[in-house]
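Observations on the model geometry
Residues per chain, in single letters:
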Amino acid sequence: LYASALGIYEFTVNGETGSDMHFAPGWTSYQKTIQYQTYDITEQLKEENTIAFTVGNGWYKGILGFFNQGDHYGTRTALIAEIVLTYEDGTEERVVTDETWLSTTGKVRYSEIYHGEIIDATLTDNEVRPAALYEQSKEVLIAQQDEPVRITERIPGQKKLITPEGDVVIDFGQNLTGVVEFKIKKERGTKIVIRHAETLDKEGNFYTVNLRTARCTDTFICSGEEDLFRPAFTYHGFRYIAVDGLGQEIEASDFTACVMHTDLKKTGDFTCSNE
């Protein structure tokens, strides 16, 4: 499978996550260079197959910079993909993105890197319509040059706090970059809001002034079944989260911080006598 997008994308094969790579195709000067990714999906294929892509704004058309402006590189998201099937007799078949593909609006209702993501798990019957072709030069496409972003560590919540202002706060024990993952079963339509912060103020309250206009807030709406929530098209810098919508009976270990960064190979380390 070859894929790229104007925006950032993730995909599934027969309902299962297609790759552990996040934020593909990455942030480039899109007018000059758009990376494409290559995946071996052989082991995920069956007799009948469904491949689905979700595309978010990302850096391409999302809100970036100090003035809350979007559409820096373009005004709409788009996707290109090609599946190359090689049979045992050596013949090839290619399945490409064209007007025969179908599109719909999924459970991710909103996503911005600065502001966060809204996932509504109650939305299952959205209108399906044919995909529309989008004119885009393919001359800017190049094979991926950098290491991909992955979840490199999972850190469970270390401590639950009730701040003087009454916020229910989970402390992960260190500052990190990534998102929070949690599994929950609540009544259909239950709304859970998670805000992120790097520090508490001197009184011990949740402190977000240093984030300026970035909302850094993720919202999840439960389906009524067991839901596994983890944002896909945003990330945050944080040590603490404030959890609204679940009361004070939650446990710190209910939430896991997924540390995300470019998955570089470690080539060395440093130690000295001064701890």
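Every chain begins its residue count from 1, and numbering advances along the sequence as written. Residue-level local features of this predicted model are given only where pLDDT is at least 70; pairs of side-chain atoms are given and counted only at 80 or more, and the full residue set underlies all totals for whole chains, interfaces and linings. Side-chain metrics rest on all non-hydrogen atoms present in the structure, leaving aside hydrogens and water.

This part is about the overall build of the protein chain. In this text, helices come from DSSP runs of H or I with a minimum length of four residues, and strands from runs of E with a minimum of two, each type numbered from the N-terminal end. Scanning the protein chain from N- to C-terminus turns up one helix and 22 strands. A compact globule built from 275 residues should have a C-alpha radius of gyration of about 19 Å, and the protein chain, at 21 Å, falls within 12% of that. For the protein chain, the C-alpha atoms occupy an extent of roughly 65 × 55 × 40 Å along the three principal directions. Taking all contacts inside the protein chain whose residues are at least 6 apart in sequence as the whole, residues at least 24 apart take part in 74%. Computed by Shrake-Rupley with a 1.4 Å probe, the accessible areas treat only the displayed protein chains as cover when residues are assessed. Split by element, the accessible area of the protein chain, about 16,200 Å² in all, is 46% carbon and sulfur. Within these notes, the globule rule equals 2.2 Å times the number of residues to the 0.38 power, and the radius of gyration is based on C-alpha atoms. Note on definitions: a residue-residue contact is assigned when non-hydrogen atoms from the two residues lie within 4.5 Å.

Within the secondary structure, E181 is located in strand β15 (residues 168-185). For each residue, the accessible area found with a 1.4 Å probe, counting protein chains only, is set against the maximum for its type, and the residue is called buried under 20%, exposed over 50%, and partly exposed in between. Judged by relative accessible area, which is 14%, E181 ranks as buried. Only 2.9 Å separates the side chain of E181 from the side chain of R230, close enough to count as a polar contact. Not counting residues up to four positions away in its chain, the partners in contact with E181 are R154, L228, F229, R230, D254, F255, T256 and C258. Residues adjacent in sequence count toward polar contacts only when both atoms are side-chain atoms; beyond that, a polar contact is any pair of N or O atoms within 3.5 Å, and within protein one must be able to donate a hydrogen and the other to accept it.

In this section: the sheet that holds strand β2 (residues 8-13). The rule for pairing is simple: two strands pair if DSSP sees at least two bridges between them. The strand order β3-β2-β5 describes an open sheet built from three strands, whose pairing is antiparallel. The open sheet has two edge strands with one neighbour each: β3 (16-17) and β5 (51-56). Looking at chain direction, β2 and β5 are connected through six bridges and run antiparallel. Bridging from a neighbouring strand, Y9 pairs with V55 of β5.

We call a set of buried Ala, Val, Leu, Ile, Met, Phe, Trp, Tyr and Cys residues a nonpolar core when their side-chain atoms join them within 4.5 Å. F172, F182, I194, I241, V243 and F255 are the most contacted members of the largest nonpolar core, which has 24 residues in total. Going through the elements one at a time, β15, β16 (191-197), β21 (236-244) and β22 (256-262) are the ones with two or more residues in this core. Among the elements that make up this core, the one with the highest residue count is β15 (seven residues). Residues in contact with F172, not counting those within four places in the same chain, are I155, P156, G157, Q158, V180, F238, R239, I241, F255, T256 and A257. Listed in part, the 18 residues of the second largest apolar core include I113, I151, A232 and F233.

Between A24 and P25 the backbone carries a cis peptide bond, its omega angle lying at 5 degrees. Mapped onto the fold, P25 is located in the loop between β3 and β4 (34-38). Even without being a glycine, N14 presents a positive backbone phi close to 55 degrees. Turning to its location among the elements, N14 is positioned in the loop between β2 and β3. Here N68, not a glycine, exhibits a phi torsion of approximately 55 degrees, which is positive. Mapped onto the fold, N68 is located in the loop between α1 (58-61) and β6 (78-86). Using a relative accessible area of 34% as the deciding quantity, one classes N68 as partly exposed.

Any pair of Phe, Tyr and Trp rings, taking the six-membered ring for Trp, is counted once the centres come within 6.5 Å. Such a pair is stacked with planes under 30 degrees apart, edge-to-face with planes over 60 apart, and tilted for the rest. Overall, the coordinates contain 16 aromatic pairs when judged by the stated rule. Here the aromatic rings of Y2 and Y36 are separated by 6.1 Å at their centres, their planes lie at 75 degrees, and the arrangement is edge-to-face. Residue Y2 is located in strand β1 (residues 2-6), and its partner Y36 is located in strand β4; the two are separated by 34 residues in the primary sequence. Aromatic rings pair up to connect Y9, F11, Y39, F53 and W101 into one cluster.

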